[in-house]
Amino acid sequence: MENKKRKLITLDEFTIQQTRKFQNATGELSALLRDIALACKIINKQVNIAGLVDILGKHGATNVQGEEQMKLDIFADETLINVLQNSAECAGIASEENDEFIAFQDEFSWNSKYVVLFDPLDGSSNIDVNASIGTIFSIYKRVSPLGSPCNEADFLQAGNKLMAAGYVIYGSSTMLVYATKLGVNGFTLESSIGEYCLSHPDMKCSEQGKIYSLNQGNTNKYTQGLKDYLNYCMEENKEEGRPLTHRYIGSMVADLHRTLIKGGIFIYPADKKNVNGKLRLQYECNPMALIIEAAGGKAEHGSGRILDIEPTELHQRTPIFIGSKNMVEKALSFTK
Ligand code: AHM
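Asks: Please provide a residue-by-residue account of the overall build of the protein, values included.
Replies: Secondary structure summary: the protein contains nine helices and 15 strands in total. Dimensions of the protein along its principal axes, counting C-alpha atoms only, are 60 × 55 × 45 Å. Expressed as a percentage of contacts within the protein between residues at least 6 apart in sequence, the contacts between residues at least 24 apart total 64%. With the model as given, the accessible surface of the protein reaches about 15,300 Å², and the carbon-plus-sulfur share is 49%.

Asks: Go over helix α3 (residues 71-85), please, and point to the residues and values.
Replies: The end-to-end C-alpha separation of α3 is 21 Å, in line with the 21 Å expected for 15 residues at 1.5 Å each. Every buried residue of α3 is accounted for by L72, D73, I74, A76, D77, T79, L80, I81, V83 and L84.

Asks: How would you summarise the pattern of salt bridges if you had to cite specific residues and measurements?
Replies: As enumerated under the stated definition, the model contains 13 salt bridges in all. R242 is the partner of E240 in a salt bridge, and the nearest nitrogen-oxygen pair spans 3.2 Å. Take E240: its relative accessible area is 44%, and that puts it in the partly exposed class. Among the charged side chains, a network of salt bridges with common partners joins E96, R280 and E284.

Asks: Provide a residue-level description of the site of the ligand, including the pertinent values.
Replies: Around the ligand, the structure places 15 residues, and the nearest of them are D122, G123, Y248, M252 and Y268. One of the side-chain nitrogen or oxygen atoms of E96 is found 3.3 Å away from an oxygen atom of the ligand. One of the side-chain nitrogen or oxygen atoms of N215 is found 2.8 Å away from an oxygen atom of the ligand. Summarising the interface, the protein chains cover 84% of the accessible area of the ligand, which totals 480 Å² for the free molecule. Taken together, the residues that form the shell around the ligand break down as five nonpolar, five polar and five charged. Taken together, domain 1 (11-200) and domain 2 (211-335) each give at least three residues to the shell around the ligand, which thus spans both.

Procedures and definitions
- Each chain has its residues counted from 1, following the order in which its sequence is written.
- Only residues with pLDDT of at least 70 get local features here, since the model is predicted, and only at 80 or more are side-chain atom pairs given and counted; chain-wide, interface and lining totals rely on the full set of residues.
- The side-chain figures draw on all heavy atoms in the structure; neither hydrogens nor water molecules are used.
- Each helix is a run of H or I in the DSSP string that is no shorter than four residues. Each strand is a run of E no shorter than two, and both are numbered from the N terminus.
- Contacts are assigned to residue pairs with any non-hydrogen atoms lying within 4.5 Å of each other.
- Computed with the Shrake-Rupley method and a 1.4 Å probe, the accessible areas treat only the protein chains shown as cover for residues.
- Here, expected helix span is obtained from the residue count minus one, scaled by 1.5 Å.
- Only protein chains enter the area calculation, which uses a 1.4 Å probe; residues under 20% of their type maximum are buried, those over 50% are exposed, and those in between are partly exposed.
- Definition used for salt bridges: Asp or Glu carboxyl oxygen within 4 Å of a side-chain nitrogen of Lys or Arg.
- We call a residue near a molecule or strand when any one of its heavy atoms sits within 4 Å of it.
- Two N or O atoms count as a polar contact when they lie within 3.5 Å, although within protein this holds only if one can serve as hydrogen donor and the other as acceptor, and sequence-adjacent residues are included solely when both atoms are side-chain atoms.
- Side-chain classes follow a simple rule in which Ala, Val, Leu, Ile, Met, Phe, Trp, Tyr, Cys and Pro form the nonpolar group, Asp, Glu, Lys and Arg form the charged group, and the remainder, Gly included, forms the polar group.
- Each domain's extent is set by a domain assignment, obtained either automatically or from a database.

Here it is in structure tokens:
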């Protein structure tokens, strides 16, 4: 076999090449992506040495959702805010960890086109056990007038208005995956040169997978339709390649990264306790929906596309069925 040596393409090189495809592109989106990627390198460093610097463990505070924050959540949140505040491309941010959005109050920011939403450290219950966690981000073009501070309407846009979205997974390697409507690309952090390098070009989510992923411990709280679907997944059927395999890490980034690479379905449904589901539309579901749809998969809330939900609140939740197209359709045929 011919041993062709592939040229290393860094995230910056890649986004600049992409920008050149558009006549009027200013490079601001690429620069913003670079800033987010930088913040995530800093977070990655801290995640890697967490056990050594006594940063693990609970912080004692609760966030707006009433959940206990971990120290690393706060570190990640502050890092992203600081880096984006110093960025010339970001007018303001909204974070899963903060009650309100933050409009940056300087002239540069007033003239910036974009706002960023993020879940700084998703899957934080996994921090203490050293399982994969991640940062999820979304980028919208603001709808408020340039030259003034951004406002809430900039952050309450439907997912179908997203300019880009992505995640960084802090796992056995650190990867940044981001999507625009053009497609999805994955970059692995090469720590010796401190750069994310293109490792997974043009990622696709296969139409059919073999893995279903949800918190099966909650089955008693699920609707009969969903219980029937779970039984279907567990039933023997050689022709259809069933029973399926169940995998659930409890860290959305890790579960969705596997779904993107191997195919499968990830579900966080509404249940008796969480009538709107648990996961947040603006910080978790919309960005993941853009990524999976751009890769050819499907992301629904039960009776429509996640990306078409018109958000009314910053911390809104939604049920989610996401992953391989055929599997999402099959699940919905039981639950609708
Ligand atoms: P977090 O924001 O507190 O980390 O919670 C979000 C996480 C997701 O990453 C994951 O998919 C889900 O919560 C797991 O919830 P559960 O433990 O109820 O299965």
